[in-house]
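Analysis of the macromolecular model
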Amino acid sequence: MSDADEKQAHAATVRRLEQSSGKLAAAAIARMDQQLPWYRAMPPENRSWIGLVAQAGIAAFTEWFRHPDAPQAISTDVFGTAPRELTRAVTLRQTVEMVRTTIEVVESAVDELAPPGGEMALRNALLVYAREIAFATAQVYAQAAEARGAWDARLESLVVNAVVSGEADESDVSRAAALGWRAPEHVVVVLGNAPNGDSELTVEAIRRAARYAKLQVLTGVLGKRLVVIAGGSDDPVQAAKALIGPFAAGPVVAGPVVGDLLSATRSARAAAAGVRACAAWPDAPRPVLADDLLPERAMAGDPAARTLLVEEIYRPLQQAGSALLETLSVYLEQASSLEGAARMLFVHPNTVRYRLRRVTDVTGWPPSDVRSAFTLRIALMLGRLADGDANS
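Residues numbered from 1 in each chain as written. Predicted model: local features only at pLDDT ≥ 70, side-chain atom pairs only at ≥ 80, totals over all residues. Heavy atoms only, no water.

**Focus: the domain arrangement of the chain**
Assigned domains of the chain: these are domain 1 (3-146), domain 2 (183-291) and domain 3 (303-391). The centre of domain 2, based on its C-alpha atoms, is set 32 Å off from the matching centre of domain 3. (Domains from an automatic or database assignment.)

The following block contains the structure:
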């Protein structure tokens, strides 16, 4: 075929493509309705947008075929007609199926669209265009995914910051729900040092660890701190151990378990106070519970820790009778010696032993344990100071 014949065939193909674009789009929609169950199940509004995309794709191919050597912004031509929300309603796989169906419809009509001798040129052009539209599709979804990822990261940072700062409200619960937070019954906040480097890599490492441990997480790097709000476990130590890998060197503190995201502000405050006070206990385990750091937190000026020590240790002992308070005080002053305490109290050592068991039952802290004895001693001091303030 001579150059003149090729130009004539090309011009004739362009005219037929223009005349048949509506018919081809309708045929493509009909085939989607017949072959693609997900398309049939879509709401009418989304189906109409997909019809516009198919029609725009055929029109863009016609224009591309008219000037095959000119640069074409295929993604804008084809996908610019649809709203951005369509990338959420239609998956990448479904879009590939939609494009494949439309290309197949045009390909099946090649003999009608091209004059004799022009069929091969149209088929070759269709193959090249199919490759270009595939790249354009991938680009559109990649850009949408990046935009969603950036938006989700900002949203997650807002929620985490609100919880840590104690300013979380119902709007933050809604934001968390938009991020996939499914309102677990048990929530704990874990704090520690953030590693140097890309914070996004740290956040992704936390998410991988959470998936493996079957935990829900909201996480972020706030300054030098790595914050994880974990849901789905009633054991804070177990949850913290599952997530500890991405934390940098230094203390990792788990706050108390609470019932929901709004209550997580209390867990975050306790964890933050624990991180600040952990320097006073160099041999603290890693991770450590914020409640195991109550004496250090109290000495560092944490009012919540002071209140807990008084209300959960001193007051119950006070209400259980003066004998328990007196026996515990003397026992601690006698360097945890049963015999020494018994002599000071003028009772049998078995009586001291019995009363100390009662102290354990009442407070949950066994006086015979060195760490517990230290906590009990601080609680007694704070309780007496509180009584003195009340009586003054």
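**Quick look at the UniProt feature "domain: CdaR GGDEF-like" (unreviewed entry) in the chain**
According to UniProt, the positions carrying the feature "domain: CdaR GGDEF-like" (unreviewed entry) are residues 165-276. With 41% helix and 21% strand, residues 165-276 has its two end C-alpha atoms placed 15 Å apart. (UniProt positions renumbered as here; feature names shortened; annotations may be inferred. Helix = DSSP H or I, 4+ residues; strand = E, 2+ residues; numbered from the N terminus.)

**Quick look at the packing of helix 1 (residues 3-35) against helix 3 (residues 44-66)**
Packing of helix 1 against helix 3 brings their axes to within 9 Å, and their N-to-C directions diverge by 160 degrees. As judged from the angle between their axes, helix 1 and helix 3 are roughly antiparallel. Crossing of helix 1 against helix 3: the hand is right-handed. Judged by residue contacts, His10, Thr13, Val14, Leu17, Glu18, Ser21, Leu24, Ala25, Ile29 and Met32 of helix 1 engage Ile50, Gly51, Ala54, Gln55, Ile58, Phe61, Thr62, Phe65 and Arg66 from helix 3. Taken together, the residues that form the contact of helix 1 with helix 3 break down as 11 nonpolar, six polar and two charged. (Axes fitted to C-alpha atoms, helices over the stretch in contact; angles between N-to-C directions. Parallel < 35°, antiparallel > 145°, perpendicular 65-115°, else oblique. Left-handed = near helix turned anticlockwise from the far one by under 90°. Contact = heavy atoms within 4.5 Å. Nonpolar A, V, L, I, M, F, W, Y, C, P; charged D, E, K, R; others polar.)

**A short note on the side chain of Ser267**
Its location among the elements puts Ser267 in helix 12 (residues 264-277). Relative accessible area serves as the criterion here: at 0%, Ser267 is assigned to the buried category. Within the structure, the side chain of Ser267 is placed 2.9 Å from the backbone oxygen of Pro256, a separation counted as a polar contact. Ser267 has contacts with Val188, Val189, Gly255, Pro256 and Val258, leaving out every residue within four places of it along the chain. (Buried < 20%, exposed > 50% of the residue type's maximum accessible area, 1.4 Å probe, protein only. Polar contact = N/O pair within 3.5 Å; in protein donor to acceptor, adjacent residues only side chain to side chain.)

**Here's the deal with the packing of aromatic side chains**
Two aromatic rings, taken as a pair, are described by how far apart their centres are and by the angle between their planes. Throughout the structure, instances matching the rule amount to three aromatic pairs. Here the aromatic rings of Phe61 and Phe65 are separated by 6.1 Å at their centres, their planes lie at 35 degrees, and the arrangement is tilted. Taken as a pair, Phe61 and Phe65 lie in helix 3 at a separation of four residues, close to a single helical turn. Under the relative-accessibility criterion, Phe61 is labelled buried at 2%. Take Phe65: its relative accessible area is 4%, and that puts it in the buried class. Put simply, the rings of Phe61, Phe65 and Tyr129 pair up and form one aromatic cluster. The cationic tip of Arg371 hangs over the ring face of Trp281; the distance from NZ or CZ to the ring centre is 3.5 Å. (Phe/Tyr/Trp six-rings, centres within 6.5 Å; stacked < 30°, edge-to-face > 60°. Lys NZ or Arg CZ within 6 Å of the ring centre and 35° of its normal.)

**Looking at the environment of Pro184**
The residue Pro184 is located in the loop between helix 9 (170-178) and strand 1 (187-193) in this model. For Pro184, a relative accessible area of 11% translates into the label buried. Distance in space between the C-alpha atoms of Pro184 and Gly259 is 7.8 Å, their sequence separation being 75 residues. Look past the residues within four positions of Pro184 in its chain and what remains in contact with it is Gln216, Gly231, Gly232 and Gly259.

**A few points about unusual backbone geometry**
A cis amide bond links Arg286 with the next residue in sequence, Pro287, at an omega value of 5 degrees. Relative to the helices and strands, Pro287 is located in the loop between helix 12 and strand 5 (288-289). The phi angle at Ala183 is positive, at roughly 50 degrees, despite the residue not being glycine. Along the chain, the position of Ala183 falls in the loop between helix 9 and strand 1. One non-glycine residue with positive phi stands out, namely Phe346, at about 60 degrees. If you trace the backbone, Phe346 turns up in the loop between helix 16 (338-345) and helix 17 (349-363).

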